[in-house]
Amino acid sequence: GRRAAGGAAWASGPPRPAPARPRFPSRRARGPPRAARRRPAPAARARRRPAAMGPARWLALGCLAALAVLREARLVREDEAGFGECDGFFYAGTPPAGLPAAAPVKLCQRAGGAPRFATLYSARLRAPLYSAFRAPRAAPAAPEPRWLVEPQIDDPSSDLDEGAEEAAAVAAVAALGSRQALAADYLDSGYERGQLLPFSLGGEPGSAAFALTNAAPMRPSMRDRWHRSLRGLLGRALEPQCGGGDALYLLAGAAPSAHTLKGRVAVPEFVWLAACCAAPGTGWAMGFVQPAQEGAVVEDVMLKDLEALLPSRPQLFRDNCAESEQDTEKMRRILEVVNQVQEEERTAQAQESPAPRASTGPTLQPPEAPEESGGFLGLLASPVVGLLRLLYGLAWGLLQGALRLLWWLGQQAMQAMESSLYRLGAAVTSYVLAIGQELLSIPWKLLQVLVKILRAILRVLCCLLKATCRVLGLPVHVLLDVAAFPLRTAGALPLVCRDIAAGLGGAVSLLLDVAFGAVGGLLQVVFGVCRRFGSRAALDSTGEL
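Note that the structure is predicted; figures quoted are calculated from it, not measured.

Scoring rules and cut-offs
- Residues numbered from 1 in each chain as written.
- Predicted model: local features only at pLDDT ≥ 70, side-chain atom pairs only at ≥ 80, totals over all residues.
- Heavy atoms only, no water.
- Helix = DSSP H or I, 4+ residues; strand = E, 2+ residues; numbered from the N terminus.
- Buried < 20%, exposed > 50% of the residue type's maximum accessible area, 1.4 Å probe, protein only.
- Contact = heavy atoms within 4.5 Å.
- Areas by Shrake-Rupley, 256 points an atom, 1.4 Å probe, with all protein chains shown as cover.
- Phe/Tyr/Trp six-rings, centres within 6.5 Å; stacked < 30°, edge-to-face > 60°.
- Lys NZ or Arg CZ within 6 Å of the ring centre and 35° of its normal.
- Patch = residues over 30% accessible without salt bridge, like charges linked within 9 Å, V, L, I, M, F, W, Y side chains within 5 Å.
- Salt bridge = Lys/Arg side-chain N within 4 Å of Asp/Glu carboxyl O.
- Pairing = 2+ DSSP bridges.
- Expected span 1.5 Å × (residues − 1).
- Polar contact = N/O pair within 3.5 Å; in protein donor to acceptor, adjacent residues only side chain to side chain.
- Axes fitted to C-alpha atoms, helices over the stretch in contact; angles between N-to-C directions.

A. Representation of the overall build of the protein chain within the structure. Along the protein chain, the regular secondary structure elements total 15 helices and 11 strands. Looking at the protein chain as a whole, 34% of its 545 residues qualify as buried. A separation threshold of at least 6 residues defines the contact pool for the protein chain, and within that pool the share at least 24 residues apart is 67%. Surface exposure of the protein chain reaches about 32,200 Å², of which carbon and sulfur atoms provide 65%.

Take a look at the structure:
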């Protein structure tokens, strides 16, 4: 609905004044007349053959051979997976997936022998779909525009260098413009060449940023708003919240509409910017949309919402720019700066056009003044009538100015309300999607818990089976001995008790025998001693007698 509204605004909007003549020289001014730029004569073409080439030609061919690697990467082959040496301008080296493009052309935009940015160009729409670039380093001074075409898009066998001027390419490529836009498509159309990557941001030599493959048709006011918004967002919000921009990856694109320039070049319905900060642990991803409606300001959207606005809902960054590790606090700070940029843009538009044009609001025409009466009375009343006319004109002008001011204020209020409703809808949509994702994740988590429980039960059963197998692997007599052990133990208990009692009785009887033996021995010794001493005493007493 939002994109359809944008297209309707272009189709039914108020008429705009004819654009000023562009600053860059026209095709007539940049080269000789068409008749003077015809192909050279056969003799001149024969001099180009290898058999007749001079030393300068051989030296040029040697330089081209030495720089073959630098040349071949500009127009990337269709069978190549990425953008060649321009893969470094994409997050994780992966271009966006899912963007439809009839006859797509992958360009590695180069200048000064080095890659500057990458562009996906639609040959059917004759307009770029997006340009991928990194955070700019410096803003150079604006040079004289030199818009360039890509001859190899229309003629892959062309020997012209990439990024040639149209005046030089039109004489060498017969079908120039069959697959790309030309300067003539913009003449007297009311549209200007709007760079997706502005020269003032890229810090590139002019041959890269001023390629027509990097430009889409834009109204002058839309182009100025787009470039101002990009400068404000990058310098004040995106780069400061991404460590100075060292890990910042940017995609600037145009969503095509059904409206075309002269039936050839697709006019964008809106232009967009996608930013991915790949800083470890503090990354984030956001999207921005610049509608084509007059007076519209840039709007911030979530990355998934931006992908939903684009045709076929592509994936702009791999893994959504590490969505699970994004820093919401930095995203909040970026939104605060975005609000400031929006207010400044509205203020700038109000200062540039304090009141709307007469065609955009209601205008009231003053009624005709009554005719003057003739004669002497008319002569006397003429100063009074002039004063009344002056007062009437002044009052009428004040009334008309007040009505125009009210009309402009109403338009501004409607735009602010539309912006607020759009942001509220985007926030509600994001909230509902987040809740839906959490609700949908509950069955998955429950399934994970059930799987873990089932795995634990299977582990227990496996352990029981292993124990059973080990028990069954023992010999039969060992199992019988183990089973008979309690019975044998119970049957041996009386015998053991009897043996213990016999042993105890034998020990007691032995002790008694020892005791009685010792006592008997002592008594025998005592009796023996007494008997001996008694016999002596008897002998002694007999002798005395």
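B. A look at the packing of aromatic side chains. Counting across every chain of the model gives 5 aromatic pairs. With centroids separated by 6.4 Å and ring planes inclined at 15°, the aromatic side chains of Y392 and W396 adopt a geometry described as stacked. You can see Y392 and its partner W396 sitting in helix α14 (residues 375-472), 4 residues apart, about one turn around the helix. Among the residues examined, Y392 registers a relative accessible area of 40% and is labelled partly exposed. Here the aromatic residues F83, F90 and Y130 are joined through ring pairs into a cluster of three or more. For the cation-ring pair, K106 lies above F83, with the distance from its terminal atom to the ring centre recorded as 6.0 Å.

C. Structural view of a nonpolar patch on the surface. Taken together, M414, M417, L421, L424, V428, Y431, V432, I435, L439 and I442 make up a surface patch of nonpolar side chains, about 1,000 Å² in accessible area. With respect to the helices and strands, the residue L421 is situated in helix α14. By relative accessible area, L421 is classed as exposed at 54%.

D. Structural view of the pairing of strand β1 (residues 104-111). The element β1 is largely enclosed, with a buried count of 7 among its 8 residues. Note that β1 and strand β2 (residues 114-122) share 8 bridges and pair antiparallel. By the bridge assignment for β2, C108 is matched with A118. The turn linking β1 back onto β2 is made up of 2 residues, and G112 within it adopts a positive phi angle of 65°.

E. How the structure looks around the pairing of strand β3 (residues 127-134). Across the 8 residues that make up β3, a large majority, 7, are buried. Where β2 lies against β3, 5 bridges are found, and the strand directions are antiparallel. Of the residues in β3, the one forming a bridge with T119 is S131. Taken together, β2 and the strand that follows it, β3, pair antiparallel across an intervening segment of 4 residues, in which R126 is found at a positive phi of about 55°. Note: β3 against strand β8 (residues 248-261), 5 bridges, orientation antiparallel. Bridge pairing in β8 places R134 opposite Y249.

F. Here's a closer look at helix α13 (residues 328-352). End to end, α13 covers 36 Å across 25 residues, agreeing with the expected 36 Å (1.5 Å per residue, within 8%). If you check which residues of α13 are buried, you get K330, M331, I334, V337, V338, V341, Q342, E345 and Q349. A side-chain oxygen of the first residue of α13 lies 3.1 Å from the backbone nitrogen of E329; this N-cap is D327.

G. Seen up close, the sheet that holds β3. One open sheet holds the 7 strands; their spatial order is β1-β2-β3-β8-β9-β10-β11, and the pairing between them is antiparallel. The open sheet has two free edges, formed respectively by β1 and β11 (299-301), since each of these has just one partner strand. Within the sheet, the average angular offset between the axes of one strand and its neighbour, ignoring direction, is 25°. Here β8 pairs with strand β9 (residues 265-277) via 11 bridges, running antiparallel. Among the inter-strand pairings, A255 is bridged to a residue of β9, identified as F270. Where helix α10 (residues 220-238) meets the sheet, its contacts fall on β8, β9 and β10 (284-291), and the angle it forms with β10 comes to roughly 160°. The strands that α13 touches are β10 and β11; relative to β10, the one it contacts most, it runs at about 20°.

H. Examining the pattern of salt bridges more closely. The final tally for this structure, using the stated rule, is 12 salt bridges. A salt bridge links D185 to R264; the shortest N-O distance between them is 2.8 Å. Note that D185 is positioned in the loop between α7 (166-172) and β6 (192-195) and R264 in the loop between β8 and β9, a separation of 79 residues in sequence. Here R423 ties to D300 by a salt bridge, and the two come within 3.9 Å at their closest N and O atoms. Placement of R423 in helix α14 and of D300 in strand β11 is noted, with a sequence separation of 123 residues between them. In this structure R423 comes out as partly exposed when scored by relative accessible area, which is 30%. One network of salt bridges, in which partners are shared, links E329, R332, R333 and E336.

I. The arrangement of unusual backbone geometry in detail. With phi around 55°, K262 is a residue other than glycine that occupies positive phi space. By secondary structure assignment, the location of K262 is in the loop between β8 and β9. In this model, S312 sits at a positive phi of 65°, which is unusual for a non-glycine residue. Structurally, S312 can be placed in the loop between α11 (303-309) and α12 (319-322). For S312, a relative accessible area of 46% translates into the label partly exposed.

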